[in-house]
Amino acid sequence: VQALEIDQVTVRFRDGEGWTYALRDVSLTVAPGEFLAVTGPSGSGKSTLLAVAGLLLTPTEGTVRLAGREVGGATAKTRTDLRRSDIGFVFQQPHLLGSLTALEQLQMVARLDGDRSAATTQHAKDLLEQVGLGSVMHKRPSTLSGGQRQRVGIARALMGDPELLLVDEPTSALDHERGVAIVDLLRTLTHERGLGTLVVTHDLGTLGSDDEVIRLVDGKLAVEEPVD
Ligand code: ADP
Ligand code: ADP
């Protein structure tokens, strides 16, 4: 079963008398343990692709399957539930709360669901260890570096043990070296946890030469040459 299957998806918006196409007949799959980078110029459809994969936008045409389940006919409530149970989101900036420690940022995710169990706290600690923050889990964001804050955002996205991780420009607020470290971490987590990971990035220099990269141009998919 694929983590994500997008099949012949088209997204268009009314534009006066005509249409603006954000995606044109896009098909892709992300398998468990697969790390797939998506690049392309501004306006090429990258955000729209993330919104479709994240069940935030229903395509005009085509089908979306999440962990083998077709979501086209799902109600808004079901889509919200699937988003929470099966998808983790990592953003350009992690939007942490200033008053909470790294550990508390993760615990908060569970507490919103009424979960204050010791097992969940242990899960949060394990995730913080896995992203390299074991020694700083009781620190607040203002005392963490940019790279460390992004790691908190990544650990938080994994709290619900998602099948699919959707990542939007994770390195744009970081210098090159820290950006590379974040991409390395995402790739490692993808393999170790058997996640399907889709990373939108314009920052091809942070990718490895073996990474799979696809390119969107004008809403259409093209295969990218490997990065040197
Ligand atoms: P990218 O993330 O690669 O910059 P987007 O997915 O944001 O590209 O946009 C792709 C195209 O779809 C652009 O031409 C954009 O103007 C258009 N578009 C995106 N969202 C909307 C919307 N809600 N209404 C109208 N046009 C949109
Ligand atoms: P920064 O350089 O902004 O402090 P990094 O993203 O480089 O942040 O690293 C954040 C933390 O993760 C640091 O405490 C570092 O020791 C730790 N770290 C970096 N790389 C690894 C790794 N591959 N495995 C485990 N921990 C790591």
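That block above? That's the structure.
Computed from a predicted model, the values in this text were never measured in an experiment.

1. What about the site of ligand 2?
Piece 1. Near ligand 2 you find Gly 132, Ser 145, Gly 147, Gln 148, Arg 151 and Arg 178, and these make up its full shell.
Piece 2. A distance of 3.3 Å is found between an oxygen atom of ligand 2 and a backbone nitrogen or oxygen belonging to Gly 132.
Piece 3. Gln 148 is positioned with one of its side-chain polar atoms (N or O) 3.3 Å from an oxygen atom of ligand 2.
Piece 4. Protein contacts shield 51% of the accessible area of ligand 2, which totals 560 Å² for the unbound molecule.

2. Looking at the site of ligand 1
Piece 1. In the neighbourhood of ligand 1, the contacting residues comprise Phe 13, Thr 20, Ala 22, Pro 41, Ser 42, Gly 43, Ser 44, Gly 45, Lys 46, Ser 47 and Thr 48.
Piece 2. Between Gly 43 and ligand 1, the recorded distance is 2.7 Å, taken from a backbone N or O atom to an oxygen atom.
Piece 3. For ligand 1, an oxygen atom lies 2.5 Å from a polar atom in the side chain of Ser 47.
Piece 4. In the complex, the protein chains occlude 59% of the 570 Å² of accessible area that ligand 1 would expose alone.
Piece 5. Within the residue set of the shell around ligand 1, elements represented by two or more residues are β2 (18–30) and α1 (46–53).
Piece 6. Sorting elements by how many residues they give to the shell around ligand 1 places α1 first, with three residues.
Piece 7. Residues that form the shell around ligand 1 fall into these classes: three nonpolar, seven polar and one charged.

3. Comments concerning the packing of helix α4 (residues 118–130) against helix α6 (residues 176–193)
Piece 1. Relative orientation of the contacting elements α4 and α6 amounts to 130°, with a least axis distance of 11 Å. Viewed along their axes, α4 and α6 adopt a mutual orientation that is oblique. Of the residues in α6, those touching α4 at His 123, Leu 127 and Gln 130 are Leu 185, Leu 189, Glu 192 and Arg 193.

4. A few points about the layout of surface pockets
Piece 1. Roughly 610 Å³ of internal volume is contained in the largest pocket.
Piece 2. Contributing to the lining of the largest pocket are 19 residues, with Arg 83, Arg 84, Ile 87, Val 109 and Arg 156 lying nearest its centre.
Piece 3. Broken down by secondary-structure element, the contributors of at least two residues to the lining of the largest pocket are α2 (76–86), β6 (87–90), α3 (102–111) and α5 (146–157).
Piece 4. For the lining of the largest pocket, the per-class residue count stands at eleven nonpolar, three polar and five charged.

5. Notes on unusual backbone geometry
Piece 1. Look at Gln 8: it is not a glycine, yet its phi comes out positive at around 50°.
Piece 2. Position of Gln 8 relative to the elements: it lies in strand β1 (residues 4–15).
Piece 3. When its relative accessible area of 48% is taken as the criterion, Gln 8 is described as partly exposed.

6. Quick look at the environment of Ala 222
Piece 1. Locating Ala 222 in the fold gives a position in strand β10 (residues 220–223).
Piece 2. When its relative accessible area of 34% is taken as the criterion, Ala 222 is described as partly exposed.
Piece 3. Between the C-alpha atoms of Ala 222 and Gly 40, which are 182 residues apart in sequence, the distance is 9.6 Å.
Piece 4. Apart from residues lying up to four places away in sequence, Ala 222 is in contact with Ile 214 and Arg 215.

7. Thoughts on α5
Piece 1. In this model α5 runs 17 Å from its N-terminal to its C-terminal C-alpha over twelve residues, within 8% of the 16 Å that 1.5 Å per residue would give.
Piece 2. Of all twelve residues making up α5, nine are buried, and the element is well covered by its neighbours.
Piece 3. Contacts made by the buried residues of α5 are with β6, α3, α4, β7 (164–168) and α6.

8. As for the sheet that holds strand β4 (residues 61–66)
Piece 1. An order of β2-β1-β4-β5 is seen for the four strands of this open sheet, with the pairing classed as antiparallel. Whereas interior strands pair on both sides, the edge strands pair on one side only; in this sheet they are β2 and β5 (69–70).
Piece 2. Its contacts with the sheet put α1 on β1, β2 and β4, and the angle it makes with β1 is roughly 120°.

9. Quick look at the nonpolar core
Piece 1. Formed by 34 residues in total, the largest nonpolar core has its most connected members in Leu 106, Leu 128, Ile 154 and Leu 165.
Piece 2. Contributions of two or more residues to this core are made by β3 (35–39), α3, α4, α5, β7 and α6.
Piece 3. The residues touching Ile 154, leaving out its near neighbours within four places in the chain, are Val 90, Val 131, Ile 182, Leu 185, Leu 186 and Leu 189.

Quick notes on the rules
Residues numbered from 1 in each chain as written. Chains lettered and ligands numbered in written order. Predicted model: local features only at pLDDT ≥ 70, side-chain atom pairs only at ≥ 80, totals over all residues. Heavy atoms only, no water. Near = heavy atom within 4 Å. Polar contact = N/O pair within 3.5 Å; in protein donor to acceptor, adjacent residues only side chain to side chain. Areas by Shrake-Rupley, 256 points an atom, 1.4 Å probe, with all protein chains shown as cover. Helix = DSSP H or I, 4+ residues; strand = E, 2+ residues; numbered from the N terminus. Nonpolar A, V, L, I, M, F, W, Y, C, P; charged D, E, K, R; others polar. Axes fitted to C-alpha atoms, helices over the stretch in contact; angles between N-to-C directions. Parallel < 35°, antiparallel > 145°, perpendicular 65-115°, else oblique. Contact = heavy atoms within 4.5 Å. 1 Å grid on protein atoms, 1.4 Å probe; cavity = no way out; pocket = protein on both sides within 12 Å on 5 of 7 lines; lining within 4 Å. Points joined across faces, edges and corners; volume = space filled by probe spheres on them. Buried < 20%, exposed > 50% of the residue type's maximum accessible area, 1.4 Å probe, protein only. Expected span 1.5 Å × (residues − 1). Pairing = 2+ DSSP bridges. Core = buried A, V, L, I, M, F, W, Y, C linked by side-chain atoms within 4.5 Å.

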